[in-house]
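What the coordinates show
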Amino acid sequence: MKALSKLHPREGLWMTHAPVPEIGPDDVLIKINKTGICGTDIHIWNWDDWAAKTVPVPMITGHEFAGEIVEIGRNVEGLEIGQRCSGEGHLIGKNSRQSRAGKFHLDPATRGIGVNEQGAFAQYLKLPAFNVVPLPDEISDDIGAILDPLGNAVHTALSFDLVGEDVLITGAGPIGIMAAAVARHVGARHVVITDVNPDRLTLAQNVVPDVVTVDVSREDLGDVIPRLKMKQGFDVGLEMSGNQRALDQMVEAMTMGGRIAMLGIPPGKSPVDWSRIVFKAITIKGVYGREIFETWYKMIAMLENGLDVSRIITHRFAVDDFEAGFAAMRSGQSGKVVLDWT
Ligand code: NAD
Ligand code: ZN
């Protein structure tokens, strides 16, 4: 089969031929139709310090996918050949305290496809049946291929009650923009999103027409609070940039007793004004991945009930043009980039 692999410990990815994976009794084999390129895949392409430390070579990359089941292990029940699906790319153990309590997303032994285990940028993917998420007919393969990052957005956005709340999102990358769509969908009052890249803010407006955008390289976020007739500041913050200054700005713009969910990954140890956090009595929650499988359930229910993130996909390429796809993603100007394997 064709597979997009990290063959050498240096910049780039290579289209290779790999054997079709052999499945075990508890697995399924998925024929891949569409895949999404993630920021993680860009780290692996660039071969930065994190990638060099984490990813063994050779490795088939990729973890955002939609496809259909073509083979089923003998122990697997409840799935059929031909079933369209996406799936959770975090492979979890079943022995930790967290897993045994049903909190699968907190299992410390989690391994990621396309990072620690052979991934989804291939014509076929082996996946534990446990990880499969069937797709209803109304959800296209394009959307199926971005459910992983949409799930990050949903998990973060649903961390706190948003109904009637004023929500600040720092970072208008694909995940921040999708979080803005989710916040509107579930009934937030004002949703404000910041970035320093005007193209990303234009994209945010395009995907979520009634979001308020602030270019914090030119505008003062503090000016927005009286403009929107908010009394003190934001009730809920969703940190989606991984940028230290964005987190500082967020803490400053929160109301007393505000709640912050952090998905963005700061580079190393970042200084934070802890006294502001203490005196404002702010709650901070770290968010990793998706809740398995509650996030998937809610995300699919919302998509079936009017949540529309389709315009976040800005580029589509046949997989043979993967280099153009990665170039679009690396430019920082794109939304989600989807590769077609059919
Ligand atoms: P992205 O890099 O595409 O988007 C980040 C955005 O933040 C960019 O548009 C950038 O211009 C903007 N930004 C930079 N400085 C800023 C500032 N001072 N204020 C406001 N915005 C600023 O990333 P993405 O794919 O949308 O992912 C969002 C974040 O979530 C990243 O940090 C990513 O590493 C992280 N992530 C975490 C998990 C997890 O499980 N915790 C999973 C996926 C992604
Ligand atoms: Zn991803």
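Residues numbered from 1 in each chain as written. Chains lettered and ligands numbered in written order. Predicted model: local features only at pLDDT ≥ 70, side-chain atom pairs only at ≥ 80, totals over all residues.

An unreviewed UniProt entry lists the protein chain under the name L-threonine 3-dehydrogenase, from Sulfitobacter brevis. According to its UniProt record, the protein chain has this under Sequence similarities (unreviewed entry): "Belongs to the zinc-containing alcohol dehydrogenase family." Per UniProt, the comment on the protein chain under Cofactor (unreviewed entry) is "Zn(2+)". (UniProt positions renumbered as here; feature names shortened; annotations may be inferred.)

Examined at the domain level, the protein chain breaks down into domain 1 (2-146 + 309-340) and domain 2 (153-286). Computed from C-alpha coordinates alone, the two centres of domain 1 and domain 2 are separated by 29 Å. Between domain 1 and domain 2, the contact holds 7 residues from the first and 9 residues from the second. Within the side of domain 1 that touches domain 2, the residues separate by chemical class into 2 nonpolar, 3 polar and 2 charged. (Domains from an automatic or database assignment. Contact = placed C-beta atoms within 7 Å. Nonpolar A, V, L, I, M, F, W, Y, C, P; charged D, E, K, R; others polar.)

What follows covers helix α5 (residues 147-157). The element α5 is extensively covered by neighbouring structure, given that 11 of its 11 residues are classed as buried. Listing the buried residues of α5 in full gives Leu147, Asp148, Pro149, Leu150, Gly151, Asn152, Ala153, Val154, His155, Thr156 and Ala157. (Buried ≥ 20, exposed ≤ 12 C-beta atoms within 10 Å, placed from the backbone. Helix = DSSP H or I, 4+ residues; strand = E, 2+ residues; numbered from the N terminus.)

Within this numbering scheme, the UniProt entry marks residues 12-339 as carrying the feature "domain: Enoyl reductase (ER)" (unreviewed entry). The span residues 12-339 is 29% helix and 25% strand, and its two end C-alpha atoms sit 17 Å from each other.

Turning our eyes to something else, we now look at the site of ligand 1. Around ligand 1, a shell composed of 27 residues is seen, among which Gly171, Gly173, Ser241, Gly242 and Asn243 lie nearest. Sorting the residues of the shell around ligand 1 by element identifies α6 (174-185), β12 (191-195) and α9 (244-253) as the ones contributing at least two each. Considering each element in turn, the shell around ligand 1 owes the most residues, 3 residues, to α6. Tallied by class, residues from the shell around ligand 1 come to 11 nonpolar, 13 polar and 3 charged. (Near = placed C-beta within 6 Å.)

Ordered by their spatial adjacency, 3 strands build an open sheet running β2-β1-β4, and the pairing between neighbours is antiparallel. The two strands at the open ends of the sheet, each matched to only one other strand, are β2 (14-17) and β4 (59-60). Of the pairings in the sheet, the one linking strand β1 (residues 2-6) to β4 comprises 2 bridges and is antiparallel in character. Each residue of the ladder has a partner; that of serine 5, found in β4, is isoleucine 60. (Pairing = 2+ DSSP bridges.)

Counting residues in hydrophobic clusters, the biggest one holds 99 residues, and the most contacted among them are Val167, Ile177, Met178, Ala179, Ala180 and Ala204. Broken down by element, this core gets its largest block of residues, 8 residues, from α6. Once residues lying within four places of it in the same chain are set aside, the contact partners of isoleucine 177 are Ala172, Leu203, Ala204, Val207, Val208 and Ile312. (Core = buried A, V, L, I, M, F, W, Y, C linked by C-beta atoms within 7 Å.)

In a packed pair of helices, the relevant descriptors are the angle between the two axes and the axis-to-axis distance. The geometry of α5 relative to α6 is characterised by a closest axis approach of 8 Å and an angle of 55 degrees between their N-to-C directions. If you check the angle between α5 and α6, you find them oblique. For α5 against α6, the interelement crossing comes out right-handed. Residues Pro149, Leu150, Asn152, Ala153, Val154, Thr156 and Ala157 of α5 form the contact with α6, whose participating residues are Pro174, Ile175, Met178, Ala179, Val182 and Ala183. (Axes fitted to C-alpha atoms, helices over the stretch in contact; angles between N-to-C directions. Parallel < 35°, antiparallel > 145°, perpendicular 65-115°, else oblique. Left-handed = near helix turned anticlockwise from the far one by under 90°.)

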